[in-house]
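Listed below, chain by chain, are the residues.
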Amino acid sequence: MTSRTQPAIPVADRISGFSYAIRNIVTEARKLEADGRTVRYLNIGDPLIFGFRTPAHLVEAATRAIHDGHNGYAPSAGIPAARESVAAECTRRGMPLSADRVVVTAGTSEGIELALTTLAGPGDEVLVPVPTYPLYTAVLAKIGARPIFYDTAPEHGWVPDVRAIRALVSRATRALVVIDPNNPTGASYPAAVRRDLLELADDCNIPLLADEVYADLAFDGPIDALASLHPEAPVITFSSLSKAYLAPGWRTGWLAVGATSRLDDVLAGIKKLADGRLCSTAPMEHAIVAALDGDRTHQQEFRAALRERAELTTARLNAIPGMSVVHPSAAFYAMPKVDLPPGRTDENFVLGLLRATGVLCVYGSGFGAKPGDGFFRVVFLASPDELSGIYDRVAEFTAGFLAGDS
Ligand SMILES: Cc1ncc(COP(=O)(O)O)c(C=O)c1O
């Protein structure tokens, strides 16, 4: 009967460094809902919430696999058919490799975690863009490695300056993260910049982690593998069924390690870690084959829908006094900037917007931006009509906020 007097059980220190604003901010929204208010969630990049549907042939492949009894553990690197499909897809996109260099993962997220855990440990450094997709900094906090941020800025269309990245390379650098097309900015990088990033990775012998989860969602059509521009560079590519195949809840993705012997030990390390978690979701691995070998017409419709929403978003937000946004060229995100009054932060703006209008975005500092810079991220997956209504409310709130009303 001593339990009532015992203190709270402590958690490991690493938990304090692990932060994921995209979901953390939902706590605030839930409080509003508890008061009977309606919240419009523009914080999370899940197309299913907004009425987009997983293609029927993928659903059929996954359910057939369940009915056919593929419910046991799969090989830890994935079923051979899925690995073959991924290898063929990488090869088609200009990154030729064989199936033994592919690992099927629980989404891009697990691939990133496996690669970073294989490459970096306490005291090591990883080059990460800012703003960044927050999983990178969260995983680095977990494994005790340090993010070294390289800037991308709206003035340059959110495209990085590769010479500035080169100046950040040190003897402790273990990887270079490139997110192209990018979340949270919606940018995709010109070929010359992509080539320079690969040359840097090649010269400095640093693995380039190419997060290409949005490669099929560039509005002008699918983008080739980053590695295609420099076949000798050490590149590990990551993608999944979550975005371009509209099945984020399946937690099904892959990584593929470039066909250079420099990366053979890294591949072996990743496979060793993958053994420890047994396998990814076995029935869904069958849907990878259906996705990559099957019909992709849904992507044309999806890209057209995204382009329309991006145009609406840019036009409407740029028309708000005190707000500006770079036009995205891929994915479903935009990163507007509001000219904050002195002393106010991006979090003040986003929480104020939520409380006043029920519209939930994520503040830029959740992606590593400076709180005083006034960035926030919009997910523009809602229908054009709904987005239009939302942007009316954003405009009204912003006018009041900038006038000091809230
Ligand atoms: C840039 C980027 N990388 C990785 C992920 C994680 O994707 P997955 O669902 O494949 O784990 C996301 C999800 O939003 C993302 O935006």
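Residue numbers restart at each chain and count upward from 1, following the sequence in its written direction. A pLDDT threshold of at least 70 governs which residues receive local features in this predicted model, and a stricter bar of 80 or more applies before side-chain atom pairs are shown or counted, although totals over entire chains, interfaces and linings include all residues.

Here's the deal with the site of the ligand
By convention here, the C-beta atom is placed from the backbone, and a residue is near a molecule or strand when that atom is within 6 Å of it. Around the ligand, the surrounding shell holds 13 residues, and the nearest of these are Gly107, Thr108, Ser109, Ser240 and Ser242. Secondary structure is summarised from DSSP: a helix means a run of H or I of at least four residues, a strand means a run of E of at least two, and numbering begins at the N terminus for each. Tallying contributions element by element places helix α6 (residues 107-119) first for the shell around the ligand, with 3 residues. Each residue receives one of three labels: charged for Asp, Glu, Lys and Arg, nonpolar for Ala, Val, Leu, Ile, Met, Phe, Trp, Tyr, Cys and Pro, and polar for the others, Gly being one of them. Class assignment for the residues of the shell around the ligand results in 4 nonpolar, 8 polar and 1 charged.

Quick word on helix α12 (residues 297-318)
Here α12 is 22 residues long and its end C-alpha atoms lie 32 Å apart, about the 32 Å a rise of 1.5 Å per residue gives. For the purpose of contact definition, each residue receives a C-beta atom placed from its backbone, and two residues are in contact when these atoms lie within 7 Å. In the core, the buried residues of α12 are packed alongside β9 (323-324), β10 (333-334), β14 (376-379) and α14 (384-402). Under the convention used throughout, the expected extent of a helix is 1.5 Å for every residue step, that is, one less than its residue count.

Topic: unusual backbone geometry
Residue Pro131 is reached from Val130 by a cis peptide bond, and omega for that bond is 0°. A cis amide bond, omega -5°, links Asp180 with the succeeding residue Pro181. Among the structural elements, Pro181 can be located in the loop between β5 (173-179) and α9 (191-204). For Leu246, which is not glycine, the phi dihedral falls at a positive 60°. Our exposure labels follow a C-beta count within 10 Å of each residue's own C-beta, placed from the backbone: buried means 20 or more other C-beta atoms, exposed means 12 or fewer, and partly exposed covers the counts in between. Look at Leu246 and you get buried, because 21 C-beta atoms sit within 10 Å. Located in the positive-phi region is Ala331, a residue other than glycine, with phi close to 65°. Mapped onto the fold, Ala331 is located in the loop between β9 and β10.

Notes on the domain arrangement of the chain
Just so you know, the domain bounds were taken from an automatic or database domain assignment. Looking at the chain, the domain boundaries give domain 1 (11-53 + 298-402) and domain 2 (56-293). Domain 1 and domain 2 are separated by 26 Å when their C-alpha centres are compared. Between domain 1 and domain 2, the residue contacts involve 35 residues of the former and 27 residues of the latter. Those elements giving two or more residues to the side of domain 1 that touches domain 2 turn out to be α1 (14-17), α2 (21-24), α12 and β10. It is α12 that provides the largest number of residues to the side of domain 1 that touches domain 2, a total of 6 residues. Broken down by class, the residue content of the side of domain 1 that touches domain 2 amounts to 20 nonpolar, 8 polar and 7 charged.

Quick look at the sheet that holds strand β4 (residues 146-151)
A pair of strands is labelled paired if DSSP reports no fewer than 2 bridges between them. Ordered by their spatial adjacency, 7 strands build an open sheet running β2-β8-β7-β6-β5-β3-β4, and the pairing between neighbours is mixed. With one partner strand each, in any of the chains shown, β2 (102-105) and β4 form the two edges of the open sheet. Taking each pair of neighbouring strands and ignoring which way they run, the sheet shows an average axis angle of 25°. Along the sheet, helix α5 (residues 80-92) makes contact with β2, β7 (235-240) and β8 (253-257), crossing β2 at roughly 115°. Simply put, an axis is a line fit to the C-alpha atoms, just over the touching stretch for a helix, and the angle between two N-to-C directions goes from 0 to 180 degrees. Strand contacts of helix α7 (residues 135-143): β3 (125-130), β4 and β5, with the helix running at about 155° to β4, the strand carrying the most contacts.

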